[in-house]
Amino acid sequence: MRRAPETLAAWLLGVLWILPLAYAVWTAFHPKEYSARFVLTAPLTLHNFVEAWQAAPFARYLVNTVALVTLILIAQLVLCTLAAYAFARFEFVGRDLAFMLVLIQLMIMPDILIVENYRTMSRLGVLDTIVAIGLPYMASAFGIFLLRQTFKTVPRELDDAARVEGTGVLGTLWRVYVPLARPVYIAFALVSVSYHWNNFLWPLIVTNSVTSRPLTVGLQVFSSTDQGVDWSIITAATLLTSGPLLVAFVLFQRQFVQSFMRAGIR
Amino acid sequence: MQQRGIVAWLLLLPAAVLLAAFTHYPALATLYHSLFSTPKAGRPSVWIGAENYQAMLADPVFWQSLRNNALFALGTIPTSIALALAMALLVNGKLRGRAVVRLAYFTPTILPMIAVANIWLFFYTPGYGLLEQVTGRLGLPSHNWLGSRDTALGCLVVVTVWKEAGFFMIFYLAALQAIAPVLSEAASIEGAGRWYFFRRVTFPLLMPTTLFVLVNAVINSFRLVDHVVVMTRGGPDNASSLLLYYIYDVGFKFWDTGYAAALTMALLVILASLAIGQFTLLDRRIHYR
């Protein structure tokens, strides 16, 4: 058993860490007069949420975000699986060089190349679309790396057996490799979804209208245009935007934590 | 054999096209465009050589952003890594309510930075934000935390540490669980103190994790500026402008794309030298399979 001071320290730090969020929850669920007055008898209300929901098209933003993370995830899963299989199980000219070129993206991410990527999107004529937000992220070096490492641990005998039975390249990939890498796919999916649900700067740059804005940008537009600094409503909107992910996290806490661990240890 | 080579390249093709289009091409195009003037109405873009770079070296806001970014990195990285390690050590052992405490540490990681920044913005509000209420009760004078040159960057550092420590904790936790319990049993039989054990056994064993977390933390300090957009917009008087935020400002508010390209090159050089540093440091770890 631990000594008491350590337990106390762990709890104090925990309280400190949850305090800003608790503060936001308090403000969002109480009438404006109590937004910064902490009285236990303060009445609870959902009024702030209703008002935020009606003041901006959050439903549309939510649909956009869901479409965005789904689009990115599906593209990433397909592209990274194919590329990772090539790197893990094929010998070909230029493989090491190609892999190095992939790894460059781990350091120089699309988040930084905003000026040139904006130019490209403008030339492609896709500005202000969900596709434009997703395109730079669809070929993920992180995903390719993670899956390549996983595919390399699959025994070659399984691969050979499938080939002897006359299964083609894609068939082998689909029937042997993909099922064995299931936990890694789940881990990658959780990391990817939470990353792109939360991404902000690039969507802010390429979107310009309600029809393509994800939740993060919608929240920023909502809270920076003159709301008369009504903090109760802004915090309610803030919780609304992070709500779905937060609820999913609390429900699947163990999977989330394990996924982030798995994705980090490579 | 040659046929398998073709199959491999076909498998690679879709990812390769997108990577080339949105990572390699823009990196090279940035270099190219940084040598041209920004096209304006009636005046097409012309070759100006190193003029954008000369302007950059003479631009006090560029230097200020660079200095801010260095301070921001120095402020966030050691603190969040130390806190992450402490958190991991605290929740690794037996502890009453361990799951709840771990949840509290990790939750900020799941929230969007934009939401976090909004919450903290309220926290720092002059007059009736929580921080002012606490300092007011302690009898301290009122202070505009985000609105003053001395504290704006510090406020961003605090928010970032709060958001990132729990994320890094996860990696330490995973590493701690991989350390054989035999080691600590042996140490306690030998009569080694816990601090001694941590210093001589645990900490060295965690070194690869520390390096991994360090690299991530450094990249994040140059990559993430959402909180700057929400909380300070680089102000007051550029006191909290980070390099990427300045690029955003120049590129998308002043639409000076030529100069923004030169600034992006500066950021790319920083990241490339970090990558080379990481490669020499972590080489063995990356290729161990």
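Residues numbered from 1 in each chain as written. Chains lettered and ligands numbered in written order. Predicted model: local features only at pLDDT ≥ 70, side-chain atom pairs only at ≥ 80, totals over all residues.

## Things to note about the overall build of chain A
Moving on, step 1. A tally of helices and strands in chain A yields 14 helices and zero strands.
Moving on, step 2. The linear arrangement of helices and strands in chain A, starting from the amino end, is α-α-α-α-α-α-α-α-α-α-α-α-α-α.
Moving on, step 3. For a compact globule of 266 residues, the expected C-alpha radius of gyration is about 18 Å, and chain A comes in at 23 Å, more than 25% above that figure.
Moving on, step 4. Along the first, second and third principal axes, the C-alpha set of chain A runs to 75 × 60 × 30 Å.
Moving on, step 5. Considering chain A as a whole, with its 266 residues, one finds that 46% of them fall into the buried category. (Helix = DSSP H or I, 4+ residues; strand = E, 2+ residues; numbered from the N terminus. Rg over C-alpha atoms; globule rule 2.2 N^0.38 Å. Buried ≥ 20, exposed ≤ 12 C-beta atoms within 10 Å, placed from the backbone.)

## With respect to the interface of chain A and chain B
Moving on, step 1. Opposite the 75 residues of chain A that make contact, chain B presents 72 residues.
Moving on, step 2. At 13 residues, helix H1 (residues 4-29) of chain A tops the list of elements feeding residues into the side of chain A that touches chain B.
Moving on, step 3. A per-class count over the side of chain A that touches chain B returns 53 nonpolar, 17 polar and five charged. (Contact = placed C-beta atoms within 7 Å. Nonpolar A, V, L, I, M, F, W, Y, C, P; charged D, E, K, R; others polar.)

## Description of the confidence of the model for chain A
Moving on, step 1. Mean pLDDT over chain A: 87, with 95% of residues reaching 70 or higher.
Moving on, step 2. By mean pLDDT, helix H14 (residues 253-264) of chain A is the weakest element of chain A at 71, and helix H3 (residues 58-89) of chain A is the strongest at 95. (pLDDT = per-residue confidence, 0-100.)

## Quick word on the packing of helix H3 (residues 60-92) of chain B against helix H7 (residues 152-177) of chain B
All names here are of chain B.
Moving on, step 1. Orientation of H3 relative to H7, taken along the N-to-C sense of each, is 40°, at an axis distance of 6 Å. Of the possible angle classes, the one that applies to H3 and H7 is oblique. Both H3 and H7 take part in a crossing whose hand is right-handed.
Moving on, step 2. Considered class by class, the residues forming the contact of H3 with H7 number 19 nonpolar, eight polar and one charged. (Axes fitted to C-alpha atoms, helices over the stretch in contact; angles between N-to-C directions. Parallel < 35°, antiparallel > 145°, perpendicular 65-115°, else oblique. Left-handed = near helix turned anticlockwise from the far one by under 90°.)

## Examining unusual backbone geometry
All names here are of chain B.
Moving on, step 1. Phi at Arg 233 is positive, roughly 50°, even though this residue is not glycine.
Moving on, step 2. Its location among the elements puts Arg 233 in the loop between helix H11 (226-231) and helix H12 (243-252).
Moving on, step 3. Using a count of 16 C-beta atoms within 10 Å as the deciding quantity, one classes Arg 233 as partly exposed.
Moving on, step 4. At Asn 238, a position not held by glycine, the phi torsion is positive, near 65°.
Moving on, step 5. Positionally, Asn 238 belongs in the loop between H11 and H12.
Moving on, step 6. By C-beta crowding, Asn 238 is classed as buried, having 20 other C-beta atoms within 10 Å.

## A closer look at the nonpolar core
Moving on, step 1. Residues A:Ala83, A:Ile144, B:Ala84, B:Met169, B:Tyr172, B:Leu244 and B:Ile247 are the most contacted members of the largest nonpolar core, which totals 158 residues.
Moving on, step 2. When near neighbours in sequence (up to four residues on either side) are disregarded, B:Tyr172 contacts B:Ala84, B:Leu85, B:Ala88, B:Leu206 and B:Thr209. (Core = buried A, V, L, I, M, F, W, Y, C linked by C-beta atoms within 7 Å.)

## Focus on the environment of B:Met56
Moving on, step 1. Positionally, B:Met56 belongs in helix H2 (residues 51-57).
Moving on, step 2. Counting along the chain gives 43 residues from B:Met56 to B:Ala99, while the straight-line C-alpha distance between them is 50 Å.

## Structural notes on the confidence of the model for chain B
Moving on, step 1. Here chain B averages 86 in pLDDT, and 97% of its residues register 70 or above.
Moving on, step 2. The complex model carries a pTM of 0.89, and its ipTM stands at 0.87.

## A word on the packing of helix H4 (residues 95-107) of chain A against helix H7 (residues 141-152) of chain A
Packed helices, taken two at a time, are described by the angle between their axes plus the distance between the axes.
All names here are of chain A.
Moving on, step 1. In contact at an axis separation of 8 Å, H4 and H7 are set at 125° when each is read in the N-to-C sense. Between H4 and H7, the crossing angle belongs to the class labelled oblique. Seen from above, H4 lies across H7 with left-handed handedness. Here Val 102, Leu 103, Gln 105 and Leu 106 of H4 come into contact with H7, specifically with Ala 141, Phe 142, Ile 144 and Phe 145.
Moving on, step 2. Its residues assigned to classes, the contact of H4 with H7 shows seven nonpolar, one polar and no charged.

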